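# Observations on chain architecture
Residue-level listing of the chains:
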Amino acid sequence: MAEQVNQRIEDMINELEQMRRTNLYEDEEIKEISRKRKEFEYRIQRRIKEKDDFVQYIAFELTLLEDISLRRKQAKMMEKKKDIEYAITKRLNKVFKQFIYRYQNDVAIYFEYIKFCRSVGFDYAVSAILGQMLQVHGDKPKMWQMASKWESKEQNNLENARAFLLKGIHRHPKSDILYLDLFDIELMIAFKAETEEEKEKYIKRADVVWKNGMKNIPDEAFLFKLCDLAFNYGIDDTITNSIKKEIWDRRTEKSVWSYIALKELEGYHWLEIEEYVDAELRYPNEINNYIAVYEEALRQFPDEKLCTKYIYGAISVRDGLCTELQKINIVKRAWYYGHDNGLLTKEMYTFGVKMLKMENEISKDEYTEILDEALVKNPKYRLLWEEKILLNKSDENKVLSILKDASKQLKSEDLIELWNFLFDNVESSVLLKNCYDKFQACDHAAVLSLKPKLLQKINEQNGLKAARNAYEDFIRTPPTQIEIHKVMIEIEMHQEKPLQKYIRKCYEALVQHHGRDNIEVWIDYINFEQQNGAAQAVPAIHRRAIGMLEKNLVDGFIKAQALAKLK
C-alpha cells in the first residue's frame, strides 16, 4: 500500500512544481497540499475503507480547483493549465472511478460523478457512466428514465434517449414512466421532423408505443397521461382520436367522466357527449359540455366524491372563459344538483351554506327546506343544526324544539358545542329563561356541564338578581363544577360595590362541594379573606381545610400555605 501511495505522490510532483513556478501557491501552501493528499491517498488505499474517505478527498480536490481558478483571475495568469488543472481533473476522475467501484449500490455517487464530468468538460464520458450505472441498477425503472433524460435534456440527443427507454421497457414492460417518456420522445421527434414522410414514420412509431403500453398497463390514469401528451403536441389527429376513443370505451369507470369533463373545459372535445348537452344552457360550449358530462356521470354513478369533483371543477373554471356571474351560477347549479340528489358531503354542505348566505337570494322557507332535506341525510352534522337555530332564533319555541331534536341525534361533544353556539347567539331574555327552565328539567350530563356558560349569559341578559337565583338552583343540582362557583365569584367581585357576604357564600359553597379533593379551592378562599375579607377568619379556614381534605393532600396544602406566606 505504501508503494502505491508513494507512486501516486510522485505523479503529483510536476503539478506541485508548476504551482510553485507560476507563483499560484507559496512553498508552505504546497507542502500542506502535498501532506493532505498523502493523508487522503493512505485513507482510500487502506484495507478497510470508509465512504467518507472518498467524499472528503474529492471535496478537497474540487475546492482546490476552485481556489486555483480564483487565484488565476486575480493574477491574470493562464499558463500551465494543462500541467495543473488538467492533472487534477484526471486524478479526480480516477478517484471517482474507485469510489463507484467500491460503492456500486449508491446511485447518488454516479450522479455526483456525472456532475463532475460536466463541470470539467468530460461530457463524452457521461454516457459510459450511465451505462455502467444501468448495469448495476438496471432493475430500477427510474434509473433508465434518468439516463434517458440526461441524453434528451442535457445532450439534446433524442435517439440515445430513446434507446435507453427501449432497453428499459424491455426489462420493465409494465413501467408506466418509461412508456410515457418514450411516447413523449416519439412525439417530439415527429414534431421536429423536416418532411411529411419522416413525420409520418415517427407518428407510426408513437402509435405503436402507446398501444403496446396499454396492453401492458391497462390503467385509466396511464391512459389519461398518454392523452395529455398527445394533446400537448397536437401534431396528429389520428393518434389523439384513437386515444380519445379508447378513453370513451372505458366510460364504465367513473374516473373517465371526470377526465373528459375537465378536458372539455380546456377545449378538447369528445363528440360522443353531445347527446347529453342541454340545448337551453346559455354558457360557452366548453362549460355546457362540462355540465353535461358531469350530470350524466352522476346519473350513472350517484357518488359523493364525483359530485364534489363537479363542484370543485366549476369553482376552478379559468378566468376569461365566462363572466364572474356565470361562474357563480355554474357553481350554484353544481351544488344544487348534489343537494337535490343527496350527493353532498358534509364539507360541501358547509361550502353551500356559506355560499347561500353570501348570495342572500333565497327566502327563509326555501332555506329551511334545504336545511331540513340536508338533515335527513346528515342528522349528525352539527353545522346544519346551528344554521337552523340561527334561522329561527327569533322564535323561542322553535329553537327549543330544534334543540330537542338535535339532542336525539348529536354526540355529547357536538351537543355541548350546539348549546354553546346557542348561548353565543341568544338575544332574547325570554329564550334565555326557557333555556334555564330546560336546564332545570334536564338530566343529560353533557348539557349540565354548560351551567357556568349559562350562568354568565343570565347575568349579562337578566342581571345580578337573576344570576344569584340561577346559581342557587344550579348548586342544588349535581354536577356542580368548580367553574360555576368561580363564575359567580367573578360576577360578585365585578359589581360596583361588591358585597362580601355573597362572595363568602360562594366560597363556602365551593369548599363544601370540592373541599375534600382540591387544595386550590381552600387557597383561593384564604387569599380572598386575606386580601378583601376578614383576615382573622384565615386560621379557622386553615383548620377546616386540614380537617376536610383527604389525608394524602394535607401535606401539600400545608406546604402551599407556607410558600404563600414566604411570598
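The model shown is predicted, which means the values in this text are computed figures rather than measured ones.

All right, on to the packing of aromatic side chains then. Taken as a whole and assessed by the stated rule, the structure comprises 24 aromatic pairs. On the numbers, 5.2 Å between centres and 70° between planes, the contact of Tyr290 with Tyr294 is edge-to-face. With Tyr290 and Tyr294 both in helix 15 (residues 285-300) and 4 residues apart, this pair spans about one turn of that helix. Take Tyr290 and Tyr294: they sit in the same class, and that class is buried. Between Tyr294 and Tyr310, the ring centres sit 5.1 Å apart and the planes meet at 20°, which makes this aromatic pair stacked. With Tyr294 in helix 15 and Tyr310 in helix 16 (residues 304-315), this pair connects stretches of sequence that are 16 residues apart. The pair formed by Tyr294 and Tyr310 is uniform in burial state, with each residue classed as buried. Of the aromatic side chains, those joined through ring pairs into one cluster are Phe224, Phe231, Tyr259, Tyr268 and Trp270. A cation sits over an aromatic face here: Lys51 above Tyr103, 5.7 Å from the ring centre. The ring of Trp270 has Lys244 sitting right over it, with the charged end atom 5.2 Å from the ring centre.

A cluster of basic side chains, namely Lys82, Lys90, Lys94 and Lys97, defines a positive patch on the protein surface. Mapped onto the fold, Lys94 is located in helix 5 (residues 81-102). Judged by its relative accessible area of 52%, Lys94 falls in the exposed class.

Right, let's get into the packing of helix 17 (residues 324-340) against helix 18 (residues 346-359). Axes are the key here: two packed helices are described by the angle between their axes and the distance separating the axes. The geometry of helix 17 relative to helix 18 is characterised by a closest axis approach of 11 Å and an angle of 130° between their N-to-C directions. Between helix 17 and helix 18, the interaxial angle falls into the category oblique. Our pair here, helix 17 against helix 18, has a crossing hand that is left-handed. On the side of helix 17, the interface is formed by Ile328, Val331, Lys332, Trp335, Tyr336 and His339, while helix 18 contributes Met348, Tyr349, Phe351, Gly352, Met355, Leu356 and Glu359. Of the residues that constitute the contact of helix 17 with helix 18, the class distribution is 9 nonpolar, 2 polar and 2 charged.

By size, the foremost hydrophobic cluster in this structure holds 180 residues, and its most contacted members are Met19, Phe183, Ile243, Ile247, Ile287, Leu422 and Leu455. Top element by residues in this core is helix 10 (residues 176-192). It accounts for 10 residues. Here Ile243 is in contact with Phe183, Trp210, Leu223, Leu226, Cys227 and Ala230, once residues within four sequence places are set aside.

The subject of this paragraph is helix 12 (residues 220-233). The end-to-end C-alpha distance of helix 12 is 20 Å, a good match for the 20 Å that 14 residues give at a rise of 1.5 Å each. Counting buried positions along helix 12 gives 10 out of 14 residues, so the element sits mostly inside the fold. Residues Glu220, Phe222, Leu223, Phe224, Leu226, Cys227, Leu229, Ala230, Phe231 and Tyr233 constitute the buried set of helix 12. Packing partners of the buried residues in helix 12 comprise helix 10, helix 11 (196-216), helix 13 (237-248) and helix 14 (254-266). Its side-chain oxygen placed 3.3 Å from the backbone nitrogen of Ala221, Asp219 serves as the N-cap of helix 12. A positive phi of about 55° marks Gly234, the residue just after helix 12.

The final tally for this structure, using the stated rule, is 1 cavity of 30 Å³ or more. As for the largest cavity, its lining consists of Leu187, Ala230, Gly234, Ile235, Asp236, Ile239 and Thr240.

This next bit is on the side chain of Ser152. Mapped onto the secondary structure, Ser152 falls in helix 8 (residues 141-154). According to the relative accessible area criterion, Ser152 is buried, its value standing at 14%. In terms of polar contacts, Ser152 uses its side chain to reach the backbone carbonyl oxygen of Lys149, at 3.3 Å. Not counting the four nearest positions on each side in its chain, Ser152 is found in contact with Asn157, Leu158 and Ala161.

Counting across every chain of the model gives 43 salt bridges. With a shortest N-O distance of 2.7 Å, Arg35 and Glu32 are connected by a salt bridge. Taken together, the residues Arg35 and Glu32, both in helix 3 (residues 27-45) and 3 residues apart, mark about one turn of the helix. Of the charged contacts, one joins Lys263 and Asp228 as a salt bridge, the two residues approaching to 2.9 Å between their closest N and O atoms. Here Lys263, found in helix 14, pairs with Asp228, found in helix 12; they are 35 residues apart in sequence, far enough to count as distant. Owing to a relative accessible area of 9%, Lys263 belongs among the buried residues under this scheme. Assessed through its relative accessible area of 25%, Asp228 is described here as partly exposed.

Our focus in this paragraph is helix 7 (residues 126-137). With 12 residues, helix 7 extends 16 Å between its outermost C-alpha atoms, agreeing within 8% with the 16 Å of an ideal straight helix rising 1.5 Å per residue. Residues of helix 7 that are buried include every one of Val126, Ile129, Leu130, Met133, Leu134 and His137, and no others. Each buried residue of helix 7 sits inside an arc of 135° when the element is viewed along its axis, so together they form one side. Opposite the packed face of helix 7, turned more than 90 degrees from it, sit the exposed residues Ala128 and Gln135. Residues of helix 7 that are buried make contact with helix 6 (107-119), helix 8 and helix 9 (158-171).

Time to look at unusual backbone geometry. Trans peptide bonds make up the majority, and among non-glycine residues the majority have a negative phi. For Asn23, which is not glycine, the phi dihedral falls at a positive 60°. Residue position: Asn23 is located in the loop between helix 2 (13-21) and helix 3.

A few words on the environment of Ala128. When you line up the elements, Ala128 lands in helix 7. Exposure remark for Ala128: the relative accessible area of 53% places this residue in the exposed category. Spatially, the C-alpha atom of Ala128 lies 25 Å from that of Phe60, the residues being 68 residues apart in sequence.

How each quantity is defined
- Residues numbered from 1 in each chain as written.
- Predicted model: local features only at pLDDT ≥ 70, side-chain atom pairs only at ≥ 80, totals over all residues.
- Heavy atoms only, no water.
- Phe/Tyr/Trp six-rings, centres within 6.5 Å; stacked < 30°, edge-to-face > 60°.
- Helix = DSSP H or I, 4+ residues; strand = E, 2+ residues; numbered from the N terminus.
- Buried < 20%, exposed > 50% of the residue type's maximum accessible area, 1.4 Å probe, protein only.
- Lys NZ or Arg CZ within 6 Å of the ring centre and 35° of its normal.
- Patch = residues over 30% accessible without salt bridge, like charges linked within 9 Å, V, L, I, M, F, W, Y side chains within 5 Å.
- Areas by Shrake-Rupley, 256 points an atom, 1.4 Å probe, with all protein chains shown as cover.
- Salt bridge = Lys/Arg side-chain N within 4 Å of Asp/Glu carboxyl O.
- Lys, Arg positive; Asp, Glu negative; His and termini not counted.
- Charge placed at Lys NZ, Arg CZ, Asp CG, Glu CD.
- Axes fitted to C-alpha atoms, helices over the stretch in contact; angles between N-to-C directions.
- Parallel < 35°, antiparallel > 145°, perpendicular 65-115°, else oblique.
- Left-handed = near helix turned anticlockwise from the far one by under 90°.
- Contact = heavy atoms within 4.5 Å.
- Nonpolar A, V, L, I, M, F, W, Y, C, P; charged D, E, K, R; others polar.
- Core = buried A, V, L, I, M, F, W, Y, C linked by side-chain atoms within 4.5 Å.
- Expected span 1.5 Å × (residues − 1).
- Polar contact = N/O pair within 3.5 Å; in protein donor to acceptor, adjacent residues only side chain to side chain.
- 1 Å grid on protein atoms, 1.4 Å probe; cavity = no way out; pocket = protein on both sides within 12 Å on 5 of 7 lines; lining within 4 Å.
- Points joined across faces, edges and corners; volume = space filled by probe spheres on them.
- Arc of directions from axis to C-beta.

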